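Listed below are the residues making up each chain.
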Amino acid sequence: MAATKSSESSEAPQTSGSLFPQPKVRGKKKRVSKKNKSAWRKHSDIKDIEDFLDDQRLQLRTGGLVADKADDSLFYVDKQNDNEDEAPVAKKRKKELKPLKIDQIIAGETTVKPVTGHAPPMGSGKVRRKEMKAKELEQKTGYISKEKRKKLKLNSVQAGLKKPQAVREYYDLWGNDAKDKPTEEEEDEHYAQVTGKTRVKVPVRTQTYAKNPSILPKVEVIHPGGSYNPTFEDHQQLLQQAVQSERKKVKDEKKLERQTRLPPKREWATRRDKMKELTEGLLDEEDEEEEEGEELEGEQSIPKATIRAEDKKSRQKRRKEKEQREQEQQKTADKTKKIKEHEVNRLKAIKKEINALEKKKEERQKKREEIRTQNADKPKRLSRHKYEEPFPEFKLSEELVGTLREFKPEGSVLKDRFKSLQRRNILETRVKAKRQKKFKKKYVEKKQYKEISINV
Amino acid sequence: MGRLMKKKYESGAATAYITRNRAINYLQISLPDFRRLCILKGVYPREPKNKKKANKGSTAPRTFYLMKDIQYLSHEPIINKFREFKVFVKKLKKAFAKAEHGRVETLQENKPVYKLDHIIKERYPTFVDALRDLDDCLCLVFLFATFPQTKNIPGDFVRRCRHLSVEFMNFVVAAKALKKVFLSIKGIYYQVEMQGQVVTWLVPYSFGFNAKACADVDFRVMAHFVEFYITMLGFVNFKLYTSLGLHYPPKLMFEAKLKDDDEKNPYCLESEATGERLAALSASLASVVTQNTEEDEVELDEFEDSRTLEAKQEEEKQKAFQKLFNGLKVFVSREVPREPIVFTVRSFGGEASWDRSVAMGATFDESDETITHQIMDRPKADRQYLSRYYIQPQWLFDCVNAKMLLPVEDYFPGVVLPPHLSPFVEYKEGDYVPPEKEALSRRQQGLDTGDAVSEEADVSEEEEEEEEEGKEEEEIDDEG
């Protein structure tokens, strides 16, 4: 029978004071003065005490003090014959029973309690009162305090304080439970009784536009040439469409380039042109000024007419003028009246005129209606940016593989949906806002670089 | 004293329209909140007839809204929730900065949430209205179900989209509502008919997320749409399921047996197993009331009328179309995109399975002798069973679009496939019709030279034989 030490203590370092006390070499005592604190510290030997404390701490960290443990936990009786081979089955079971190394590493053995923050001394008045209150409340109402919940690791739902929130409960939304619901009048009355106010009328919206802001179908099915294995003709048609849109794109690009290009060199301004522009109106200024001066003098030479006494209108003259004016007015009024009276005879002509006018109106309306129907499937202009038609998805003839296994899809469904929403006037077209820099970057040439120049 | 002059811009277009900035000031919310509100409520910008008049004399380009729309928005209770959320964020930031962890916790517990139920009811007063507007909804929900979780796309969104899309597909399978399938270069177009409403949507092929392809898309705006559509599709799914008498949330038939199978062959976490089984589309949904397997046929009073006769014939055709793949047992090889195939086969009454190592929910193995068709997309199979046809996936989709079973030889592995025609094209008189389409329409009318028809007959006979064989085997097993 052999007694073997348990693994934990065998791992302890050999320098430990209590378990393996090292023999101390006795020499001649050296006498030193210990008259002040620093001298005390310097010359007093506390190694054995420190070793002892270290060892004790280590023991605490790794499974507790050995001295406190029962003998059974430190030793065991080895009944196994070392030479005899273990039965394979038993070995396997042992392997199963043995905890993994990784678990052993993770498993905390320390008996040292973690350092906690400052807590008010137990049983102090404040804590006791709080606890008492919480207990009372729990007995009365069943409310479990937050501290207790934390201790028990319960959340407010588990503690029964709150109803568990249903996860997306669906029910018969369109069921006919209209009978139980009060009518609008009843609701109004109830509201008035409770609040003493009349209910605000919620505006009713016509839902027609909301349902169909565009005549386009919600899901536009791709051209038959967009099949993963299309017929030759359908595929060619789709390719033709793609070619057309590509052509248009190239044309637009070319146009833009043409418009922003510099003019040919022969049309550029020469030095002479520039000089001429700079001195425009300077060289022949003097002559013009002279001419102008003459003109001005001429104007000034005409004397202003003076008002003489005999030019003043007499009362009689004024009255006569007035009478004449009135007479003329009367005359024109009579004339228009006469014309109006005679228009009865012009009925036919008037009718013709009206008809012509109406016809013109109708035509205009028709034209407008036509334009409207033509543009009905086109997206409306809903924001600053114009809607841009996405490029149609297609596969080139050599990309058609003919089997589902080797086939690669084209385009993105998300983009297709997004563009469809824009095309159907549900979303306005927008451009992602670029984040603007708050401050302009400023470049400064440092002095040391300034001094270096290639020319010198 | 003259008459009071009528002032400019105090009536007409100038007051009927309001610019976006003025609308924001009017509602006292931020621009992003305004955008979200407009999307949720279905308020779209307008183009006034005379922009200059609407803009009070200025010709600067602006976004206009109808003043009435904005007034209508101002009564929306969700605006208050937006404001509450703003306050909540402020408080949370402050608590974080002060490291008040308890307060952070309580704040997060009481995070303001808003519901969209009333808006959906308001925008779609009847269920049919909602069905009519389902195209957009399905497109976006199916699309977002394929996305990864990023800064702009919350993971919760993706999970819920996936969930709802799977539910919807299961409904289509149960209702046999699928009408058309088109494999395009963009994605797969599906068309279904529910309660007389035709709905088309586009599903992307399952490839990785390509951020570059959708660089100039405003994700925030799209996320608002998805937020609304998630709620809408939830309610629509509920109504659809209950209208068929199915459980909602969906339950599978023989769930216990499936569970047992999965335990033997664990594929994912137990918590995810139900969702995965549902997503496999291979099992049927359980109904609330136990139904008779035979359909109750209501006998109508017969009237000798050409119109009713036509309607009757049409109905019979429809029924036959829904049973297109009845009796077909399809095995999907691993190189074939599983979901569209299984969805199509199951929507027309067929059975589908795949290798157990590919995904959950496989119902039979490759070695099963009763398999009638094996879908494969490589030039040659390693090991071939004589009892089944090996065909390329396009056959299934072409059959659906032709509304009949097409001869299989054109679709054998390694054979150059006939073109996949778009079922969405309607040819008018005088239009150019591709020869393939002409041949197909002749075949549909039964005018073809006969080889196709005889092929079909052969196929159906063989199927019957195989079924009989299977039955015999079972009997033998019982005896043993």
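Residues numbered from 1 in each chain as written. Chains lettered and ligands numbered in written order. Predicted model: local features only at pLDDT ≥ 70, side-chain atom pairs only at ≥ 80, totals over all residues.

As annotated in an unreviewed UniProt entry, chain B carries the name Pescadillo homolog and comes from Branchiostoma lanceolatum. You can read under Function (unreviewed entry) in the UniProt record for chain B the words "Required for maturation of ribosomal RNAs and formation of the large ribosomal subunit." UniProt lists a comment for chain B under the heading Sequence similarities (unreviewed entry), and it reads "Belongs to the pescadillo family." (UniProt positions renumbered as here; feature names shortened; annotations may be inferred.)

Under an unreviewed UniProt entry, the name given to chain A is Ribosome biogenesis protein NOP53, and the source organism is Branchiostoma lanceolatum. The UniProt entry for chain A carries this comment under Function (unreviewed entry): "May play a role in ribosome biogenesis." Comment text from UniProt for chain A, heading Sequence similarities (unreviewed entry), reads "Belongs to the NOP53 family."

J.: A description of the overall build of chain B should follow, citing residues and the corresponding values.
T.: Counting its regular elements, chain B contains 19 helices and nine strands. Residues classed as buried in chain B amount to 33% of the 480 residues present. Counting only contacts in chain B whose residues sit at least 6 apart along the sequence, the fraction spanning at least 24 positions is 63%. (Helix = DSSP H or I, 4+ residues; strand = E, 2+ residues; numbered from the N terminus. Buried ≥ 20, exposed ≤ 12 C-beta atoms within 10 Å, placed from the backbone. Contact = placed C-beta atoms within 7 Å.)

J.: Quick one: what's the story with the overall build of chain A, residue by residue and with numbers?
T.: Of regular secondary structure, chain A possesses 17 helices and two strands. Expressed as a percentage of the 456 residues in chain A, the buried residues total 9%. In chain A, once contacts between residues fewer than 6 apart in sequence are set aside, the share between residues at least 24 apart is 62%.

J.: Can you explain the environment of B:Pro204? Please cite residues and give values.
T.: Secondary-structure assignment places B:Pro204 in the loop between strand 5 (197-203) and helix 12 (219-243). In this structure the C-alpha to C-alpha distance between B:Pro204 and B:Lys186, which are 18 residues apart in sequence, comes to 6.8 Å. Every residue in contact with B:Pro204, bar those within four places of it in the chain, is listed here: A:Val413, B:Leu143, B:Thr146 and B:Gly187.

J.: Mind laying out the sheet that holds strand 5 of chain B, listing which residues take part and the relevant values?
T.: Residue and element names in this part refer to chain B. Taken in spatial order, the three strands make up an open sheet running 3-4-5, and their pairing is antiparallel. Sheet topology places strand 3 (178-183) and strand 5 at the edges, where each strand pairs with a single neighbour. Strand-to-strand twist in this sheet, taken as the mean axis angle between neighbours without regard to direction, amounts to 15°. Two elements, strand 3 and strand 4 (residues 188-194), share five bridges in a ladder whose sense is antiparallel. Across the sheet, Leu183 pairs through a bridge with Ile188, a residue of strand 4. (Pairing = 2+ DSSP bridges. Axes fitted to C-alpha atoms, helices over the stretch in contact; angles between N-to-C directions.)

J.: Can you lay out the sheet that holds strand 7 (residues 351-354) of chain B for me, pointing to particular residues and giving the numbers?
T.: Residue and element names in this part refer to chain B. Spatially, 7-6-8-9 is the arrangement adopted by the four strands of the open sheet, whose pairing is parallel. Both edges of this open sheet fall to strand 7 and strand 9 (389-391), since each of them pairs with a single strand only. Neighbour to neighbour, the strand axes of the sheet diverge by 25° on average, direction disregarded. Note: strand 6 (residues 329-332) against strand 8 (residues 373-375), three bridges, orientation parallel. Across the sheet, residue Phe331 finds its bridge partner in strand 8, namely Gln374. Those strands touched by helix 16 (residues 338-347) are strand 6, strand 7 and strand 8, and its axis lies near 155° from that of strand 7.

J.: Go over the nonpolar core with me, naming the residues and quoting the values.
T.: All names here are of chain B. Val141 and Tyr229 are the most contacted members of the largest nonpolar core, which has 111 residues in total. Among the elements that take part in this core, helix 12 stands out by supplying 12 residues, more than any other. Apart from residues lying up to four places away in sequence, Val141 is in contact with Cys161, Leu164, Ser165, Val226, Tyr229, Ile230 and Leu233. (Core = buried A, V, L, I, M, F, W, Y, C linked by C-beta atoms within 7 Å.)

J.: Kindly report on the interface of chain B and chain A, identifying the contributing residues and their values.
T.: Each partner contributes to the interface: chain B provides 67 residues, whereas chain A provides 53 residues. Breaking the side of chain B that touches chain A down by element, the ones donating at least two residues are helix 5 (67-73), helix 7 (101-109), helix 8 (117-123), helix 10 (134-144), strand 3, strand 5 and helix 12 of chain B. Per element, the largest residue contribution to the side of chain B that touches chain A is seven residues, and it comes from helix 12 of chain B. Classifying every residue of the side of chain B that touches chain A by side-chain character gives 35 nonpolar, 16 polar and 16 charged. (Nonpolar A, V, L, I, M, F, W, Y, C, P; charged D, E, K, R; others polar.)

J.: Talk me through unusual backbone geometry; I want residue IDs and the actual numbers.
T.: The omega angle of the peptide bond from B:Tyr248 to B:Pro249 is -5°, so this bond is cis rather than trans. As for its position among the elements, B:Pro249 is in the loop between helix 12 and helix 13 (255-264). Positive phi outside glycine occurs at A:Asn425, with the angle close to 65°. Mapped onto the elements, A:Asn425 comes out in the loop between helix 16 (413-423) and helix 17 (447-451).

J.: Quick rundown of the environment of B:Leu244? Include the residues and the values.
T.: Residue and element names in this part refer to chain B. As for its placement among the helices and strands, Leu244 is situated in the loop between helix 12 and helix 13. Leu244 gets classed as partly exposed once you count the C-beta atoms within 10 Å, which come to 16. Along the sequence, Leu244 and Val288 sit 44 residues apart, while their C-alpha atoms lie 9.2 Å from each other. Filtering out sequence-adjacent residues up to four positions away, Leu244 remains in contact with Ala174 and Ala175.

J.: Got a sec to walk through the pairing of strand 7 of chain B? Specific residues and values, please.
T.: Residues of strand 7 of chain B alternate between two faces, with B:Glu351 and B:Ser353 on one and B:Ala352 and B:Trp354 on the opposite face, all of them buried. Following the backbone out of strand 6 of chain B, through helix 16 of chain B and into the adjacent parallel strand 7 of chain B, one traces a crossover that is right-handed. (Right-handed = clockwise from strand over helix to strand, strands pointing away.)

J.: Hey, could you go over the pairing of strand 4 of chain B for me, with residue numbers and the actual values?
T.: All names here are of chain B. Here strand 3 folds back onto strand 4, and the loop between the two strands holds four residues. As paired elements, strand 4 and strand 5 share seven bridges and run antiparallel to each other. Across the sheet, Tyr189 pairs through a bridge with Leu202, a residue of strand 5. The hairpin formed by strand 4 and strand 5 contains two residues between the paired strands, and Gln195 there has a positive phi angle of roughly 50°.

J.: Would you mind going over the environment of A:Leu58 in detail, with residue names and values included?
T.: Residues and elements named next belong to chain A. Along the chain, the position of Leu58 falls in helix 3 (residues 47-61). Judged by C-beta crowding, with 14 C-beta atoms within 10 Å, Leu58 ranks as partly exposed. For the pair Leu58 and Thr110, spaced 52 residues apart in sequence, the C-alpha separation works out to 9.2 Å.

J.: Which residues make up the confidence of the model for chain A, and what are the values?
T.: Averaged over every residue, the pLDDT of chain A is 81; residues scoring 70 or more account for 79%. Ignoring residues within four places in sequence, the model shows residues 1-21 of chain A, a span with pLDDT below 50, making 22 contacts including any to other chains. (pLDDT = per-residue confidence, 0-100.)

J.: Just give me the short version of the packing of helix 10 of chain B against helix 11 (residues 155-175) of chain B, but keep the residues and values in it.
T.: The description of two packed helices rests on the angle between their axes and on the distance between the axes. All names here are of chain B. Running from amino to carboxyl end, helix 10 crosses helix 11 at an angle of 120°, the nearest separation of the two axes being 7 Å. Compared by their axis directions, helix 10 and helix 11 come out oblique. The chirality of how helix 10 crosses helix 11 is left-handed. In this structure, helix 10 contributes Leu138, Val141, Phe142 and Phe144 to the contact, and helix 11 contributes Phe157, Val158, Cys161, Leu164, Ser165 and Phe168. When grouped by side-chain class, the residues that make up the contact of helix 10 with helix 11 number nine nonpolar, one polar and no charged. (Parallel < 35°, antiparallel > 145°, perpendicular 65-115°, else oblique. Left-handed = near helix turned anticlockwise from the far one by under 90°.)

J.: Talk me through the packing of helix 11 of chain B against helix 16 of chain B; I want residue IDs and the actual numbers.
T.: Residue and element names in this part refer to chain B. Interhelical geometry of helix 11 versus helix 16 gives an angle of 30° and a closest axis separation of 7 Å. Taken together, the axis directions place helix 11 and helix 16 in an arrangement best described as roughly parallel. Residues Met169, Val172 and Val173 of helix 11 form the contact with helix 16, whose own contacting residues are Phe343, Arg346 and Ser347. Looking at the contact of helix 11 with helix 16 residue by residue, the classes come out as four nonpolar, one polar and one charged.

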